[in-house]
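Structural features, examined
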Amino acid sequence: MHIQIVTVGKLKEKYLVQGIAEYVKRLGPYARITITEVADEKAPEILSPSEERQVKDKEGERILSHLKDDAHVIALAIDGELWSSEDLAAHLDKLGTYGTSHVTFVIGGSLGLSDAVLKRADKKLSFGRLTYPHQLMRLILVEQVYRAFRINRGEPYHR
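This write-up is about the structure you can find in this document. (Residues numbered from 1 in each chain as written. Predicted model: local features only at pLDDT ≥ 70, side-chain atom pairs only at ≥ 80, totals over all residues. Heavy atoms only, no water.)

1. What to know about the layout of surface pockets
The cut-off we apply is this: Every definition here rests on a 1 Å grid over the protein atoms only: cavities are sets of points where a 1.4 Å probe fits but cannot get out, pockets are open sets enclosed by protein on both sides within 12 Å along at least five of seven lines, and lining residues have some atom within 4 Å of a point. Grid points are joined across faces, edges and corners, and a volume is the space filled by probe spheres set on the points. Helical segments are the DSSP runs of H or I of at least four residues, strand segments are the runs of E of at least two, and each set is numbered from the N terminus. As a working rule, the residues Ala, Val, Leu, Ile, Met, Phe, Trp, Tyr, Cys and Pro are called nonpolar, Asp, Glu, Lys and Arg charged, and the rest polar, with Gly in that last group.
The calculated volume of the largest pocket comes to roughly 520 Å³. Elements with a minimum of two residues in the lining of the largest pocket: strand E3 (72-82), helix H4 (115-120), strand E5 (123-126) and helix H5 (134-153). Residues belonging to the lining of the largest pocket are distributed by class as follows: 13 nonpolar, eight polar and three charged. Asp-40, Glu-41, Ala-43, Ser-110 and Leu-111 are the residues nearest the centre of the second largest pocket, which is lined by 15 residues in total. Ranked by residues supplied to the lining of the second largest pocket, first place goes to helix H2 (residues 49-64) with three residues. Taken together, the residues of the lining of the second largest pocket sort by class into six nonpolar, three polar and six charged.

2. A short note on the packing of aromatic side chains
Stated formally: Stacked, tilted and edge-to-face are the three classes applied to pairs of Phe, Tyr and Trp rings, where Trp contributes its six-membered ring and a pair requires centres within 6.5 Å; stacked means planes under 30 degrees apart, edge-to-face means over 60, and tilted covers the rest. Working definition: with a 1.4 Å probe on protein chains only, accessible area under 20% of the residue-type maximum means buried, over 50% means exposed, and in between means partly exposed.
Applying the stated rule across the entire model yields three aromatic pairs. On the numbers, 5.8 Å between centres and 55 degrees between planes, the contact of Tyr-23 with Tyr-146 is tilted. With Tyr-23 in helix H1 (residues 14-27) and Tyr-146 in helix H5, the pair connects residues that are 123 residues apart, well separated along the chain. On the basis of relative accessible area, Tyr-146 is assigned to the buried category, the value being 6%. Here Tyr-30 and Phe-149 contribute two aromatic rings whose centre-to-centre distance is 5.9 Å and whose plane-to-plane angle is 25 degrees, an arrangement assigned as stacked.

Right under this line is the structure:
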């Protein structure tokens, strides 16, 4: 299976880069993983609703350009479905069983995802109602994907 993560912004924090690299390495025996960073749209701190939409739309266009037509797209969104680690594992297992070989997770920028990206998504997934920095969300996501593969293989890691 190929797992792609499309995310807005460049990751600069060394500790996050190292953590993500560790989980990408651990995922090697289970899946091919790629992380695609798209540029975030520069904007002032305070935006009107229409300016926020413009920023999300521009970032959304960049995201959509990296989504393959045959990919199963899971958008991370605060209003998405709340899954357990076992639910994520079961979803990935089902996709693999029924021939989906390319799964793309999408992490938006600080303002979230555009309507166009959310419409393209096959699923919307929430990691809870708390707000996480999108940079930290990358680390949390790769850890959960690793955990899902371990759960599906019955290997000791999950608990």
